[in-house]
Every structure is written in structure tokens, then in C-alpha cells.
Amino acid sequence: MSRPSHRFLRALLPPLVLLLLVLVAWQLVVMLLEIKPYLLPSPTAVVEAAIEHRAELFSAIWLTGRAAVLGLLISVLLGTTTALLFSQSRIVRRSFYPYAIALQTVPIVAIAPLIVNWFGEGFQSVVVVTVIISLFPVITNVTTGLTSIDEGLHDLFQLNHASRWQQLVKLRIPSAMPSLVTGARIAAGLAVVGAIVGEFFAGSLVQDRGLGYFVLSTVPNLQTDLLFGCVIAATLLGVVMFAAVSLAGRHLLGRWTAGMETH
Amino acid sequence: MLKRQLITALLLLAFMAGCRAVDQPPGNPPGEGEQEGRLRTVSLQLNWFPEAEHGGYYAALLSGYYEEEGLKVEILPGGPGAGVIQKTAEQKVTFAVANADQVLLGREQQAEVVALMAPLQSSPRCIMVHADSDIEDFSGLKGMTVAMGSGKAYAQFMEKQGLLEGVQVVAYSGSVARFLERKDFAQQGYVFSEPFVAQQQGVSTRNLMVSDLGFNPYTSILVTSNQQLEKDRDLVHRMVRASIRGWQQYLEDPAAVNEHLHSVNEQMSLEILDFGVEQLKPLCLPEGMPAGELGQMTAERWDTLAGQLRSIDLLGESVRASDAYYLGGLPAPQKD
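Predicted, not measured: the structure shown is a model, and the values here were computed from it.

### Some thoughts on the overall build of chain A
Consideration 1: Counting its regular elements, chain A contains ten helices and zero strands.
Consideration 2: Going from N to C terminus, chain A has its helices and strands arranged as α-α-α-α-α-α-α-α-α-α.
Consideration 3: Dimensions of chain A, computed from the C-alpha atoms along their principal axes, are close to 75 × 60 × 30 Å.

Given below as C-alpha cells:
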């Protein structure tokens, strides 16, 4: 066995063993205390419900996943562009930054009906909600990355009469890359939340059923086991997106920061 | 390392057991069995904010019918996520108000609740369309956008009937704003509520009753837990008797109750409550049904509903419709 895979196993084994122990304990507690399924279903009941509804769950993950990915991509593009503008002018940054913060504090639940009115029911509104929820961490992180640069490097660029453009492309953007990756990673998790919340309000109920639909539908029908299934599906979706962004980030960082040993 | 994980698991186990102990006080729910004077204190959990569909229960309270039966009834307002079936099954409340489909769906999840009497014989559930549209029945919904509650049994039933083919069904946010704006938009409602709100905003509605499709769960029914029923049938009988009197009284003379409803839920204007009672009358006492039979339930209706819920895969074979209701508290139906 090669060493890297050995290390991988060692990293993976403890959480897996813990998961198994928790599942066994959960099953035992539900069985021994005879907890009714509408309060807390056993892990086996959750698995059974998930298997029974697997076709619907998979298509729901696929739909919600598309909205989350598209929303995340828009957030990263829009957030990075906004941050680039912020980095170029202090007055722009000072004027707009408070509103960027305000965006984060918008209670999405309160404005979701408005978004539906403006953008119509369905996928596009879900994506808009996803963008609103996941945009902020990209803006703040990238802005910070673009503006807080190594002073020594900054002086070096000034001494050599580097143009504003050269400074941006050769100094600011490379040094902002780690911040972009951080921002995108936070946004990835939020995008899943955004897509599900978006579906609560703007989702379609018969033609395209996302995870948001299933989460809500389990409530009047008291299907706690299926609700747990949805939670697990949503969590998996979030983890996959987070991992994908991390992986993409690692490649990106490797390319952009090659030769820069400042981090 | 394994030892440490075992300890963690044990801690978790203890924690979960602790949660259960807190969640489920064994024995009597709060207030239950308490004596105040000679009155027995019981609680009645509503499934929504106090409105016309709860009027009869308030009438029984305000007119002293509960007191005449030796009961001090505390009415607890509900709202979104009131979880009435869960609370009743856990005996956190003595009685609650729910709809028939929820009783069956609760029993499917082993929440042992039982229906006692049904003030609304016919469901107020409707799909409302603009009155000046040419839509006369459900088949006319094709090409429309319809807002409905996610996963509601009636919506799944309509889907099963093929009535939602070519219909864009979207989530209902609780506001009639989109309905007011768009002629090609329909939405769910309770016939005594949303149509009035739309009317007030200047849009007349035509209401397609879901009950006309044959999907017609008893509504605003009184429920209790199986345990409560087995423990004290007499208490249940007294509660049912007084509640029926309350409903009869409310339909006859709703003024005082509506004022009270308005005072506990300011969102409900006196106008909408008065409108509500007028709409409730034919739902509570359909043509030909004498006031003395208010609240009745039949085995056929419960069987039909259970069959419909099975047809949309919300109910399994293990739940027996006959376990979901108890007719012992109702007056014997008058024979012709």
C-alpha cells in the first residue's frame, strides 16, 4: 500500500467509525425507547423512505443542484466583477460597500414573493434567490484580497513605474486568488441553501420538483422519515459542491501563484 | 481511540434519552386533571390562528357550554407549524382541531389520534379563478398557473386525476397578490377566506370546490389521542356534546363569537368573519341535514378518504380507516 492512500484511509476512518457508532446508537435509542416515527424515525426507516422515493429524490437533487451551481457561477462572476470595481476606486468602494453589506442582511424570506413577482415562477427565480444568498461572501473576500496586498510588493511595483493595469493583473489579482477561493467555498454551501429556500417560494410543484418542494411537502403529510432523507440529500449536495470548488480552487491557486511564495 | 469514541457515542445516547424525557412528560399533560372549583381543565389546540372555522369551539366556550359539562377549556391558537397531530399524540394537549386527511396521515406515522366530531361536513378547500375568466370547472385550468401548498394531499389527488396536466403549478406563498395581478393565475383557498380578501381588493372570484371532485375530508374536526379516549371516555363525550352545541349556536348567532375572534386575532375583520359564517353554514349543514345532526361522521366517508390517500401513495395498507374515528360521543343519527 502506497503512503498517500494509507494517509487517506487514516483520515477517513475515524469519521466513518464515528458515523457508524452514531447510527447504531440512534437506531438503538429509537428502538429501545419506542420513539414514534413522526417524532424521530430510525436510520433504517430513513433509508427505507429514501429508497422508496429514490427516483423523485434524484431528480430533485439534479434540479436543485443545477439551480445551485448556476447561482454559484453567477455569484462568483458578479462578485468578482464588483470587487474589481471596488478595488479600483476608493470612492466607489466607500459608496457601494454599505449596500453590499445590506444585501447580506436582506431577509430573503421577506422579499422572495417580490422576486417571484418580478422574475416569474420557476427556475429563474430560484436562481435569483440563490445569487442573492451566495453573492456576499464572494464580494467581501475578493475585495479584501484585492485591496490588502503586500506593501513591499506594492512599493516594488511603484518603484518600477508599473501601470495601474500591470498592478492589477500582475499583483492584485494573483494575490486575491486565495481569497476568491475562500469566498467561493463559503458561497458553495450557501448556494444550496439559497436554491432550497428559492424553491420554497418560487419552485414548481408538479413539473419540476426540487428538494425545496419535498422538504415542504413532508410537513403536512407528517413524513418525518422522508424529511430526514431530504436533509441528507441536501447535505450531500452541499458537500459535493464544496469539494468541487475546493478542488477547482487548488488547481487555480497552483497556476496563479506559481512562483509566488508569499503565502 | 475506540474507547474515546465509545464514550462519545454513550454521551450522545444519554443526550438523546434526555431529550426524550424532556419532550415527553409521562402521565398527564399540563393542566389535565387539574381541578379548578369543580371544573376539569383541558386544552384545545387550534390548527391555525383563530378564525371562523374555529367559531363553534369559541361559541361553546363563550356561551358556557363547556362549563355546563364541567370543563374549563383553554383554547390555544395555532399557526404555521402548529403540529397539532404531534402535540395531540404526545398528549401535550388534550384536544385539537385538525382535518380528516391529517388524522389518517398521522396514524400512518404511528401518531395515535382519533377524530371525534366533524363540524364541517364539506371541505372549504377551493381553487379560485377570476370571475370574469371563462373557466367554469377544473378542466379549464389547462394553460393556467395555479398556486398550491407543496405536497398537499388534495393537490396530489388532483394530479392523479390528470387535472394538472398542462397546468403550471407553483408554490403558494400565502399572498393573493399574484392572483390579483394576473387573469391566467389561479390559487388555492378556503372558500370563506381568500375569496373575500380578493373581493376586497376589487377582484371577484369563481370558486371551484375541490369537494366536487370527490376529495372531501371532514374539516375543523375535534381530535384527541387514543390514550386520552381510553382513559376517560366520559370526558371525551362531554367535550363533544358541548362542542356540537357551540357549533349550532355559532351558525345561528355568530355576532358575539366573531367579536371575540376579532379581539384575539385582529387580522380577522368583523366583515371577513361575518362572510365566513355565511360560507360555513352550507358546509356544516348541507341541504337536508337537520341541525341536530351537526358533527356527524360516517364510516363510508372515512373509507373513501382512506382509499383516496392510498391511491396517491400517502397511506399504506396497515392503517385502518375505522381506527381513525370514534362515533361514541356523537348523538345517534335520527332515523327517518
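### Description of the environment of Thr144 of chain A
Consideration 1: Looking at where Thr144 of chain A falls in the secondary structure, it is placed in helix H6 (residues 123–147).
Consideration 2: For the pair Thr144 of chain A and Leu180 of chain A, spaced 36 residues apart in sequence, the C-alpha to C-alpha distance is 9.5 Å.

### What to know about unusual backbone geometry
All names here are of chain A.
Consideration 1: In this structure, Glu34 takes a positive phi of about 50 degrees despite not being glycine.
Consideration 2: Summarising the element assignment, Glu34 is placed in the loop between helix H1 (3–32) and helix H2 (43–52).
Consideration 3: The phi torsion at Leu222 lies on the positive side, around 55 degrees, for a residue other than glycine.
Consideration 4: As for its placement among the helices and strands, Leu222 is situated in the loop between helix H9 (211–218) and helix H10 (224–256).

### What to know about the domain arrangement of chain A
Consideration 1: Split by domain assignment, chain A resolves into domain 1 (1–35) and domain 2 (45–256).
Consideration 2: The straight-line distance from the C-alpha centre of domain 1 of chain A to that of domain 2 of chain A is 30 Å.

### Details of the pairing of strand S9 (residues 185–190) of chain B
Residue and element names in this part refer to chain B.
Consideration 1: The buried fraction of S9 amounts to five of the six residues, a majority that puts the element mostly inside the structure.
Consideration 2: In this sheet, S9 lies alongside strand S6 (residues 125–130) in antiparallel orientation, the contact comprising four bridges. Each bridged residue has a counterpart across the sheet, and for Met128 the counterpart in S9 is Gln187.
Consideration 3: The sheet contact formed by strand S7 (residues 145–148) and S9 spans three bridges and is parallel. When the bridges of S9 are listed, Thr145 appears paired with Phe185.

### Regarding the nonpolar core
Consideration 1: Residues Leu104, Ala115 and Val223 of chain B are the most contacted members of the largest nonpolar core, which totals 164 residues.
Consideration 2: When residues of this core are assigned to their parent elements, the largest contribution, 16 residues, is made by helix H8 (residues 164–202) of chain A.
Consideration 3: With near-sequence residues (within four places) excluded, Leu104 of chain B lies in contact with Leu305, Ala306, Leu309, Leu315, Val319 and Ala324 of chain B.
Consideration 4: By size, the runner-up hydrophobic cluster in this structure holds six residues, among which are Trp26, Val30, Ile35 and Leu40 of chain A.

### What to know about the domain arrangement of chain B
Residues and elements named next belong to chain B.
Consideration 1: The domains assigned to chain B are domain 1 (35–122 + 218–323) and domain 2 (125–213).
Consideration 2: On a C-alpha basis, the centres of domain 1 and domain 2 stand 26 Å from each other.
Consideration 3: Tallying the contact residues gives 13 residues for domain 1 and nine residues for domain 2.
Consideration 4: Contributions of two or more residues to the side of domain 1 that touches domain 2 are made by helix H12 (270–284) and helix H13 (299–311).

### Considerations on the sheet that holds strand S10 (residues 205–209) of chain B
Residue and element names in this part refer to chain B.
Consideration 1: Strand order in the open sheet formed by five strands is S8-S7-S9-S6-S10, with mixed pairing between adjacent strands. On the outer flanks of this sheet lie strand S8 (168–171) and S10, each paired with one strand and no other. Neighbour-to-neighbour, the strand axes of the sheet open up by a mean angle of 30 degrees, direction not taken into account.

### Topic: the interface of chain A and chain B
Consideration 1: The partner chain B presents 33 residues to the 31 residues of chain A that form the contact.
Consideration 2: Only H1, helix H5 (108–119), H8 and H9 of chain A provide two or more residues apiece to the side of chain A that touches chain B.
Consideration 3: Ranked by the residues each element gives to the side of chain A that touches chain B, the list is headed by H1 of chain A, at six residues.
Consideration 4: Residue classes in the side of chain A that touches chain B are distributed as 21 nonpolar, eight polar and two charged.

### Focus on the environment of Gly189 of chain B
Residues and elements named next belong to chain B.
Consideration 1: Mapped onto the secondary structure, Gly189 falls in strand S9.
Consideration 2: Given 23 C-beta atoms within 10 Å, Gly189 falls into the buried group.
Consideration 3: With 13 residues separating them in the primary sequence, Gly189 and Val176 have C-alpha atoms 9.5 Å apart.
Consideration 4: In this view, Gly189 contacts Cys126, Met128, Glu194 and Pro195; residues no more than four positions away in its chain are not counted.

### Description of the packing of helix H3 (residues 54–88) of chain A against H6 of chain A
Residue and element names in this part refer to chain A.
Consideration 1: Between H3 and H6, whose axes approach to 6 Å, the crossing angle comes to 35 degrees. Considering the relative orientation of H3 and H6, their crossing is right-handed.
Consideration 2: Taken together, the residues of the contact of H3 with H6 break down into 19 nonpolar, ten polar and no charged.

What counts and what doesn't
Each chain carries its own residue numbering, running from 1 in the direction its sequence is written. Labels follow written order: the first chain is A, the first ligand is 1, and so on. Owing to the predicted nature of the model, reporting of local features is limited to residues with pLDDT of at least 70; listing and counting of side-chain atom pairs is limited to 80 or more, with chain, interface and lining totals taken over all residues. Here a strand is any run of E in DSSP of at least two residues, a helix any run of H or I of at least four, and the numbering for each starts at the N terminus. A domain assignment, automatic or from a database, supplies the domain bounds used here. A residue is called partly exposed when the number of other C-beta atoms within 10 Å of its own lies between 12 and 20, exposed at 12 or fewer, and buried at 20 or more, with C-beta atoms placed from the backbone. Pairing between strands is defined by DSSP: at least two bridges between the two strands are required. Joined through C-beta atoms within 7 Å, a set of buried Ala, Val, Leu, Ile, Met, Phe, Trp, Tyr and Cys residues constitutes a nonpolar core. For the purpose of contact definition, each residue receives a C-beta atom placed from its backbone, and two residues are in contact when these atoms lie within 7 Å. Where helices are involved, their axes are fitted lines through C-alpha atoms of the stretch in contact, as for all axes, and angles between N-to-C directions lie from 0 to 180°. The nonpolar class holds Ala, Val, Leu, Ile, Met, Phe, Trp, Tyr, Cys and Pro. Asp, Glu, Lys and Arg form the charged class, and all remaining residues, Gly among them, are polar. Should the near helix be turned anticlockwise from the far one by less than a right angle, the crossing is left-handed, and should it be turned clockwise, the crossing is right-handed.

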